[in-house]
Amino acid sequence: MARRLTPWRWAVLGLAALYFLVPLGASVIFTVDVPGQGVTFDAYTQIVSADGFVSSLLLSLELAAATIAVVLLLMVPAVVALRLGAPRLRPVVEVVCSLPLVVPPIAFVAGIATVLKWGPDHLSRTPLFQTFVAIQNPSFPVVLVLAYVVMALPFVYRALDSGLRAIDVRTLVEAARSCGASWPQALVRAVLPNLRGALLNAAFLTLALVLGEFTVARLLGFQPFAVWIYNVGGSQAQMSVAVSVLSLLVTWALLLALAGAGGRTRTASSRG
C-alpha cells in the first residue's frame, strides 16, 4: 500500500511546488527583466535606499516584538491555569480565542476607529484623553499592538494548546512545587522549557501576522511595512514586487530556522 501511494505523494508535492514556485518565479522575472534594458537587479539594489523602507520595516519589527511579548504574557499563564484548574472552561476559552477568525478585519477596524473617535470627544477633560493620544503616536502606535494581540489569539492559543497536550503539565508543576518552587518559578523553570517549540511556533505565527497585516494599519492611518509596500506599488511597481519577494524569502528562512531549532531540541531531548 505504501509503495502504491508513493507516486501519488510525489504528484501532490509536485503540484504544490508548481502552485507556489510558478507565481514566485513570475514575480522574480518581472522584477529583473526590464524592457529595453534586459536583465537588471536595480529593483533590489534600490530597496535599502528607498524612502521609508528602513523606518517602516523597523516599525513593523518593533510592533511584532511588542505583540509577541504581550500575547505570550497573557496566554501562557492563562492556558496553563486553564489546563490545571478549570479544564471544563476550555471550550469557552477556545470559542473566545477563535472569534477574531469570525469577525472580518474591516468590521474590527471600524469598531476600533469608532472608539478612537469617541474618546477625544467625551474624555477631553479627563486624564484618559492623554491615553487616547499616546496610543495613537505614529512613531509607535500602541493601538496597533492591541489590535494585533487580538488578531493573534487564535494562532497563539492553538500553538500553546498543542504544546501543552504533548506534556504532563500537572506532574511537572507538582514536582516543582514539592521541591519548594513557587507558582511563578514552577511555570518558568518547569513548564516553559518543555514548551519551547510551542512558544517558537506562536512567536513565528505572530511575527508573520504583524509583518503581513494591512487592513487595520491602513485604515487607522499608520504606515508599517505592509502599508509601505502598497504605497510604493503605486509609483514603483517593480520595487514593490521585489520587496514582496524578499519578504517571502525571509519568512521562509525564518520558518526553516524554526523547524531546524525544533528538530535539534527534540534530538537533544531524546538523547538526554
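This is a predicted model, so every value here is computed, not measured. (Residues numbered from 1 in each chain as written. Predicted model: local features only at pLDDT ≥ 70, side-chain atom pairs only at ≥ 80, totals over all residues. Heavy atoms only, no water.)

Please provide a residue-by-residue account of the overall build of the protein, values included.
Looking only at helices and strands, the protein has 13 helices and two strands in total. Its C-alpha atoms give the protein principal-axis dimensions of about 75 × 75 × 30 Å. Residues counted as buried form 33% of the 272 residues belonging to the protein. For the protein, the accessible surface area stands at approximately 16,500 Å², while carbon and sulfur atoms represent 68% of it. Here the protein carries 18 positive and 10 negative side-chain charges, and the mean point of each set is 15 Å from the other. (Helix = DSSP H or I, 4+ residues; strand = E, 2+ residues; numbered from the N terminus. Buried < 20%, exposed > 50% of the residue type's maximum accessible area, 1.4 Å probe, protein only. Areas by Shrake-Rupley, 256 points an atom, 1.4 Å probe, with all protein chains shown as cover. Lys, Arg positive; Asp, Glu negative; His and termini not counted. Charge placed at Lys NZ, Arg CZ, Asp CG, Glu CD.)

Tell me what's going on with the pattern of salt bridges, and back it up with residues and numbers.
Scanning the entire structure with this criterion turns up five salt bridges. Among the salt bridges present, the one from arginine 90 reaches glutamate 94, with a minimum N-O distance of 3.7 Å. Pair noted here: arginine 90 and glutamate 94 are both in helix α4 (residues 90-102), with a separation of four residues, about one helical turn. The closest approach of N and O atoms between aspartate 161 and arginine 165, which form a salt bridge, is 3.2 Å. (Salt bridge = Lys/Arg side-chain N within 4 Å of Asp/Glu carboxyl O.)

Could you give an account of helix α7 (residues 142-165), with specific residues and numbers?
For α7, spanning 24 residues, the distance from its first C-alpha to its last is 33 Å, which sits close to the expected 34 Å at 1.5 Å a residue. Its maximal kink placed at alanine 152, α7 deviates by approximately 50°, while the proline proline 154 follows within four residues. Of all 24 residues making up α7, 17 are buried, and the element is well covered by its neighbours. (Expected span 1.5 Å × (residues − 1). Bend = angle between axes of the 7 residues up to and from the residue.)

I'd love a proper account of the environment of alanine 181, names of residues and values included.
Within the secondary structure, alanine 181 is located in the loop between α8 (169-178) and α9 (183-191). Ignoring anything within four residues of it in the chain, the contact list for alanine 181 reads Ala176 and Ala186. (Contact = heavy atoms within 4.5 Å.)

Which residues make up the packing of aromatic side chains, and what are the values?
Two aromatic rings, taken as a pair, are described by how far apart their centres are and by the angle between their planes. Taken as a whole and assessed by the stated rule, the structure comprises five aromatic pairs. When the ring of tyrosine 19 is compared with that of phenylalanine 20, the centres are 5.3 Å apart and the planes differ by 90°; the resulting orientation is edge-to-face. Tyrosine 19 sits in the exposed class, given a relative accessible area of 62%. With centroids separated by 5.9 Å and ring planes inclined at 65°, the aromatic side chains of phenylalanine 53 and phenylalanine 225 adopt a geometry described as edge-to-face. Placement of the pair is phenylalanine 53 in helix α3 (residues 53-85) and phenylalanine 225 in helix α12 (residues 225-233), with a sequence separation of 172 residues. Overall, phenylalanine 53 belongs to the buried group, its relative accessible area being 13%. By relative accessible area, which is 6% here, phenylalanine 225 ends up buried. Clustering of aromatic rings is evident, with ring pairs tying together Phe53, Phe225 and Trp228. (Phe/Tyr/Trp six-rings, centres within 6.5 Å; stacked < 30°, edge-to-face > 60°.)

Any functional reading would require information beyond the geometric quantities listed.
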